[in-house]
Structures are given as structure tokens and as C-alpha cells.
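# Examination of the molecular architecture
Each chain, letter by letter, is given below.
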Amino acid sequence: MGIRVANVSKSFGDFQAVKDVSLDVDSGSLVALLGPSGSGKSTLLRLIAGLEEADAGRVWITGEEATNRSVQDRQVGFVFQHFALFKHRNVRQNVAFGLELRGWKPAAIKRRVDELLELVQLQGYGGRYPSQLSGGQRQRVALARALAVQPRVLLLDEPFSALDAKVRKELRAWLRNLHDEMHVTTVIVTHDQEEAMEVADKIVVMNQGQIEQIGSPAEIYDQPATPFVMGFVGSVNVLPYGVVGQQLGSGPLASNLFIRPHDLDLHLSPQPDSVPGQLRRLTHMGRDLQAELILEGGDVVMVVLPRERLDYASLNPGDCLHITSRMARTFEPDYAI
Ligand SMILES: Nc1ncnc2c1ncn2[C@@H]1O[C@H](COP(=O)(O)OP(=O)(O)OP(=O)(O)O)[C@@H](O)[C@H]1O
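Residues numbered from 1 in each chain as written. Predicted model: local features only at pLDDT ≥ 70, side-chain atom pairs only at ≥ 80, totals over all residues.

Broken down by element type, the protein carries 10 helices and 17 strands. Scored against the burial criterion, the 337 residues of the protein give a buried share of 38%. Pairs at least 24 apart in sequence give 64% of the contacts found in the protein among residues at least 6 apart. (Helix = DSSP H or I, 4+ residues; strand = E, 2+ residues; numbered from the N terminus. Buried ≥ 20, exposed ≤ 12 C-beta atoms within 10 Å, placed from the backbone. Contact = placed C-beta atoms within 7 Å.)

Shown next, in the form of C-alpha cells:
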């Protein structure tokens, strides 16, 4: 086992940020803690690191109990969103920091730093100072520094969120490749579902201090356990069963139907099991069209479909279209996102 968390809770004053959470992270895997702001992701990560003390529960790191151990003793590597590098140390000196503290000899430090700079693809940057690097390069130096001392686990708290979208995407792919080379057990905190889907073997979806679901990216997307998960990891229409139920799905009368925009289809004429809707807006999104329709009862429905599926050239707002569904889910009655 890479990391085990058992029944961990943490409150700040009256506010319970983490509520009786248990989690196993397989050795060598990359797990994402995903959830909205305030859901307790960072607090859980900090509890694993030893930066916060749990009110209750226990933590194991690589099989050894770490609950009462100091941060240093836990031998974890961290990278934070704004992980400040030492400004007055160049890249090599930043990466070497932990090794110097541990009394490594200069020749061994040089070898290890060379190795790490190659790993994070920053050979040739060793003499630069942090102010002479891009944001993405700085985070790669931070990762090299965290990895220098061969941590037992790597904990990343929104490491890329301060960077622009393109760099963030590049760094995700890079992190995934790095992880495939290194196999260090890694936990990454993110509020970005695309990031979690792209990098993680498993996703832990958190909401209000608790785990809603743990699963592979495909499981989380295709078999969401709760309405919250379904809404958080993709777009969803929530429609009262009473209005569209018999046509678009099946379930208890009092429930809502949860349907992804991609699982709906549009037609120019009525179909078996279609419901009519009035077109409010049609948006071109590259390959796909996004249509917003209003049902007879006033509910708004979003449909996303490939452009070639609909002869849209002559459509205008106000036109009547017919909606069918390929896949609809129901959850407990009265459960709302
Ligand atoms: N040191 C603290 N003192 C008081 N409240 C705190 C402290 N740290 C966290 N909290 C509160 O605990 C809750 C969970 O915070 P946490 O940072 O774990 O959430 P998060 O899911 O990581 O959110 P974000 O993505 O915004 O960082 C929040 O409501 C936060 O205000």
C-alpha cells in the first residue's frame, strides 16, 4: 500500500473540513483528489503530509504508521500552487537544497542534480535564477527539488493552477510521462475535472469534507454514484421525470432524470419517444453543435451533437425540434445537485 488513510477527521473551530475519510492509494499509482473549492482536498493532503494534525483517524505511508510522525519523518515530497523557489539560488542550487541539508558530498550532489534536471527536461537551465524561468519551468524545478531526496510519496497541491491553459495542458502530459518513468506514489489535488481525468489512475471525488466516489476516470464519468459526481465531472441536464420521463428515460415518477448533453439527439420531425422543444440558441463549438431548447413546461435542455448529425443551416431560434435520448440516469428521489 502506498498510502492508507483510516477514518480521518479534521475541524477548524466549529467547521469540520474533513469528515471521517478513509482512502487507500495503491503503491506506485497516481491518484487525483477532485472537488470544488472548500471540499477538503487540500486539508486531506496536508493531513497525509503531516502539515495538519488530525482530530481523529490514522495515516500509513508505505505500510508504516505515520499518524504521530513529524513532517520530516514522513519523507514526503510536496509541490504547491505557489511553491516559492529560493530566489537567490539558481536552479541547480534549488534542486540541491535537500541533498545539502542531508550532508551529501558535492560530487554526489552534482550527479543527482544532473539526473533530476534531465528528468524534468531542464538540462542547460542549471545556472538560471527563478526570475529567469517561465511559470511552467519553475514548477518543474519545484518537482525536481521535491524528488531530489527520493520521497516515499509525492503530494501535489494544485501544482499547475497558476499557469495558463496551454502550459497547464503540456505539464499534465509531462507529469503523466514522468510518473510512468518514476512510479512514485503520487496524490494530486485539483478542482479541474479535465486535469484529473487526464493524469490520474484513480479519481477521488470530494464534496463537503467527504468522499463521494472513488474510481477510474471512466468509472467516474460513465457510472457516477451520485448526482453531485455526475454534475461535477461533466455537463448534465436535470429534468423532472414527470415532464419527459416516459420518452427520455425510466425511473420512479418523483425522480429527476440526469442526462448528459452528448446523450441527447435532435431531429427535425417527431420520432418514437421524442419530446418537442423550442430552439433558443444554436452555438458552433468547432466539431460540435450545442443547442439550447425549451420544453413545453419551461425546462431548459442542452444538447451537444456532431455538426453532421443535423441539417442546421436553415434553423432559427423559435423552431420546433424533437429530442431523443440514448442514456438517462436516475438517482434517489428529491436528490438535487
Ligand atoms: N487553517 C484553517 N483554518 C480555518 N479553516 C480552514 C483552514 N484550512 C482550511 N479551512 C477551511 O476548511 C475547508 C476546506 O478547505 P480546503 O483547503 O481543504 O478545501 P479545498 O477543497 O482544498 O479547496 P480549495 O480548492 O479552495 O483549496 C474550507 O472551508 C476552508 O475555509
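Resuming the write-up.
Our next topic: the nonpolar core. Core analysis: the largest hydrophobic core is formed by 88 residues, its most contacted members being Ala32, Ile48, Leu155 and Val204. In terms of residue count, helix H5 (residues 135–148) provides more of this core than any other element does, 7 residues in total. No fewer than three residues from each of domain 1 (3–232) and domain 2 (237–325) sit in this core. With residues up to four places along the chain from it excluded, the contact list for Leu155 reads Leu45, Ile48, Ala49, Val76, Phe78 and Val187. (Core = buried A, V, L, I, M, F, W, Y, C linked by C-beta atoms within 7 Å. Domains from an automatic or database assignment.)

With that settled, consider the environment of Met1. When you line up the elements, Met1 lands in the segment before strand E1 (3–12). Looking at Met1, the number of C-beta atoms within 10 Å reads 12, which means it is exposed. Along the primary structure Met1 and Ile61 are separated by 60 residues, whereas in three dimensions their C-alpha atoms are 7.7 Å apart. Here Met1 is in contact with Asp24, Ser27, Trp60 and Gly63, once residues within four sequence places are set aside.

Our focus in this paragraph is the sheet that holds strand E14 (residues 275–285). Here 5 strands make up an open sheet; going across it, the order is E13-E17-E14-E15-E16 and the pairing antiparallel. One side of each edge strand has no neighbouring strand; the edge strands of this open sheet are strand E13 (264–267) and strand E16 (300–306). Neighbour-to-neighbour, the strand axes of the sheet open up by a mean angle of 45°, direction not taken into account. Relative to E16, strand E15 (residues 288–295) runs antiparallel, the two sharing 7 bridges. Directly across from Ile294, in E16, lies its bridge partner Val300. (Pairing = 2+ DSSP bridges. Axes fitted to C-alpha atoms, helices over the stretch in contact; angles between N-to-C directions.)

This next bit is on the packing of H5 against helix H6 (residues 165–182). Between H5 and H6, the shortest axis-to-axis distance is 10 Å and the interhelical angle comes to 30°. Judged by the inter-axis angle, H5 sits roughly parallel to H6. Considering how the two elements wind past one another, H5 and H6 form a crossing that is right-handed. Where H5 abuts H6, its residues Gly135, Gly136 and Gln139 lie against Val167, Glu170 and Leu171. (Parallel < 35°, antiparallel > 145°, perpendicular 65-115°, else oblique. Left-handed = near helix turned anticlockwise from the far one by under 90°.)

Another point: the domain arrangement of the protein. You can read the domains of the protein as domain 1 (3–232) and domain 2 (237–325). On a C-alpha basis, the centres of domain 1 and domain 2 stand 41 Å from each other.

Neighbouring the ligand are Phe12, Ala17, Gly35, Ser37, Gly38, Ser39, Gly40, Lys41, Ser42, Thr43 and His191. Sort the elements by how many residues they give to the shell around the ligand and helix H1 (residues 41–49) lands first, with 3 residues. Grouping the amino acids of the shell around the ligand by side-chain chemistry returns 2 nonpolar, 8 polar and 1 charged. (Near = placed C-beta within 6 Å. Nonpolar A, V, L, I, M, F, W, Y, C, P; charged D, E, K, R; others polar.)

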